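Summary of the model geometry
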Amino acid sequence: MPGKTVIGLEKIKKIYHMGETRISALNGIDMTISEGEMVAIMGSSGSGKSTLLNIIGCLDKPTEGNYFLDEKNVSELDKNQLSDIRNKKIGFVFQGFNLLGRVAVLANVQLPLSYAGVEKKEAIAKAKKALDWVGLSKYSSHYPGQMSGGQQQRVAIARALVNNPSLILADEPTGALDSKTSIEIISIIQRLNIEKGITVVMVTHEKEISLYCRRLIRLKDGRIIEDAPVLNPRNAAEDLAALRGETDVGT
Ligand SMILES: Nc1ncnc2c1ncn2[C@@H]1O[C@H](COP(=O)(O)OP(=O)(O)O)[C@@H](O)[C@H]1O
Ligand SMILES: [Mg+2]
């Protein structure tokens, strides 16, 4: 049975104005994503992937068209209302991790809760739980700069899930990582999707990474040119175990 619709896009267009020039980043996107899906958005550089993800994440507004998030039309909301929705429903993961370098890991993870006005004691408890979930409970007082890229991305995932979002949006989450670390990160994202039932939309330009999702949407010049299920999606935990097995044989 298909889950309820989480994301509904109708004829979404986005035009950027750069002085005299108009850049049509999205040219009429229609798409529906249901609760519990794990979707990869692919396409070459400049095809509109980030623009689309930013609109889905209420970080940006479409120039035209309607966006229904949990069946509520959010296209007409103002900035404050959009940030309210973001705080309550959406977790973000970015290619460059976007952690604050000057504060410790635990404080980074707590950040979305302080924006939401959660009381400090509760915020700390929730941040610890999220860090534990990504396997980094021992790193609370480290600083991001003292950690590897993969660890920093796990901190970013803990921050994304700290306020219990129903939707996780990831823009090239493995773009800055080597292939084994990429699979580690994908295995955490798959667990978010399967164990927690969180809907995941992930932008990637790597075919290999898209094969861990269950549906692939391909963009070209701001239009959808392909939207199809991934046949036999890969299981990142299994692939990791196999990789580790190979490493162990030689040691
Ligand atoms: N803030 C912006 N101002 C002007 N043009 C932009 C802006 N953001 C993106 N664009 C343009 O919109 C198009 C789509 O960009 P983007 O969504 O970043 O693509 P992708 O993530 O697939 O590389 C590109 O032509 C890009 O140059
Ligand atoms: Mg992009």
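The following refers to the structure shown.

Analysis parameters
- Residues numbered from 1 in each chain as written.
- Chains lettered and ligands numbered in written order.
- Predicted model: local features only at pLDDT ≥ 70, side-chain atom pairs only at ≥ 80, totals over all residues.
- Heavy atoms only, no water.
- Helix = DSSP H or I, 4+ residues; strand = E, 2+ residues; numbered from the N terminus.
- Rg over C-alpha atoms; globule rule 2.2 N^0.38 Å.
- Contact = heavy atoms within 4.5 Å.
- Areas by Shrake-Rupley, 256 points an atom, 1.4 Å probe, with all protein chains shown as cover.
- Near = heavy atom within 4 Å.
- Polar contact = N/O pair within 3.5 Å; in protein donor to acceptor, adjacent residues only side chain to side chain.
- Phe/Tyr/Trp six-rings, centres within 6.5 Å; stacked < 30°, edge-to-face > 60°.
- Buried < 20%, exposed > 50% of the residue type's maximum accessible area, 1.4 Å probe, protein only.
- Pairing = 2+ DSSP bridges.
- Axes fitted to C-alpha atoms, helices over the stretch in contact; angles between N-to-C directions.
- Core = buried A, V, L, I, M, F, W, Y, C linked by side-chain atoms within 4.5 Å.

A few words now on the overall build of the protein. When its secondary structure is counted, the protein shows eight helices and 10 strands. Against the compact-globule benchmark of 18 Å for 251 residues, the protein has a radius of gyration of 18 Å, which places it among compact chains. Counting only C-alpha atoms and orienting by the principal axes, one finds that the protein spans roughly 55 × 45 × 45 Å. The long-range fraction of contacts in the protein, counting pairs at least 24 apart against all pairs at least 6 apart in sequence, stands at 69%. Surface summary for the protein: the accessible area is close to 12,800 Å², and the carbon and sulfur share equals 49%.

Inspection of the region around ligand 1 gives Tyr-16, Met-18, Ile-23, Ala-25, Ser-44, Ser-45, Gly-46, Ser-47, Gly-48, Lys-49, Ser-50 and Thr-51 as its neighbouring residues. Between ligand 1 and the protein, one listed contact pairs an oxygen atom with a backbone N or O atom of Gly-46 at 2.7 Å. Here an oxygen atom of ligand 1 sits 3.3 Å away from a polar atom, N or O, in the main chain of Ser-47. Of all the elements in the fold, those that place two or more residues in the shell around ligand 1 are β1 (5-18), β2 (21-34) and α1 (49-56). With three residues, α1 is the largest single contributor of residues to the shell around ligand 1.

Another point: the side chain of Arg-215. Within the secondary structure, Arg-215 is located in strand β9 (residues 215-220). A polar contact of 2.9 Å, which involves the side chain of Arg-215, links it to the backbone oxygen of Thr-32. At 2.9 Å, the side chain of Arg-215 and the side chain of Asp-227 are in polar contact. Filtering out sequence-adjacent residues up to four positions away, Arg-215 remains in contact with Thr-32, Ile-33, Glu-37, Met-38, Val-39, Ala-40, Asp-227, Ala-228, Pro-229 and Val-230.

Evaluated as defined, the whole model comprises one aromatic pair. Aromatic pair Phe-92 and Phe-94: ring centres 6.0 Å apart, planes at 5°, arrangement stacked. Given the relative accessible area of 16%, Phe-92 is considered buried.

Right, let's get into the sheet that holds strand β3 (residues 38-42). Ordered by their spatial adjacency, six strands build an open sheet running β6-β7-β8-β3-β9-β10, and the pairing between neighbours is mixed. The open sheet has two free edges, formed respectively by β6 (90-94) and β10 (223-229), since each of these has just one partner strand. The average angle at which neighbouring strand axes cross in this sheet is 15°, direction not considered. Relative to strand β8 (residues 199-203), strand β7 (residues 167-171) is paired through five bridges, and the arrangement is parallel. For Ala-170, the partnering residue across the bridge sits in β8 and is Met-202. Helix α5 (residues 149-161) contacts β6 and β7 of the sheet and is inclined by roughly 165° relative to β6.

Core analysis: the largest hydrophobic core is formed by 41 residues, its most contacted members being Val-109, Leu-131, Val-134, Ile-157 and Met-202. Elements with a contribution of two residues or more to this core: β3, α3 (105-115), α4 (120-133), α5, β7, α6 (179-195), β8 and α8 (236-249). With residues up to four places along the chain from it excluded, the contact list for Leu-131 reads Val-105, Leu-106, Val-109, Leu-136, Ser-137, Ser-140 and Ala-158.

Further remarks concern the side chain of Ser-187. Inspection of the secondary structure puts Ser-187 in helix α6. For Ser-187, a relative accessible area of 12% corresponds to the buried category. A polar contact of 2.8 Å, which involves the side chain of Ser-187, links it to the backbone oxygen of Glu-184. For Ser-187, the contacting residues outside a window of four places in its chain are Ala-236, Ala-237 and Leu-240.

Here the focus is the environment of Asp-60. Its place among the elements puts Asp-60 in the loop between α1 and β4 (64-69). By relative accessible area, which is 23% here, Asp-60 ends up partly exposed. Along the primary structure Asp-60 and Lys-14 are separated by 46 residues, whereas in three dimensions their C-alpha atoms are 9.6 Å apart. Leave out the neighbours within four places in its chain, and Asp-60 touches Lys-14, Tyr-16, Asn-54 and Ile-55.

Turning to the environment of Ala-176, a few remarks are in order. Structurally, Ala-176 is set in the loop between β7 and α6. Taking C-alpha positions, Ala-176 is 9.6 Å from Gln-153, a pair spaced 23 residues apart along the chain. Discounting residues that sit within four places of it in the chain, Ala-176 has contacts with Gln-95 and Phe-97.

As summarised here, the arrangement of the four strands in space is β2-β1-β4-β5, forming an open sheet in which the pairing is antiparallel. Sheet topology places β2 and β5 (72-73) at the edges, where each strand pairs with a single neighbour. Pairing between β1 and β4: five bridges, direction antiparallel. Directly across from Lys-13, in β4, lies its bridge partner Glu-64. Set on the sheet, α1 makes contact with β1, β2 and β4; between it and β1 the angle comes to about 125°.

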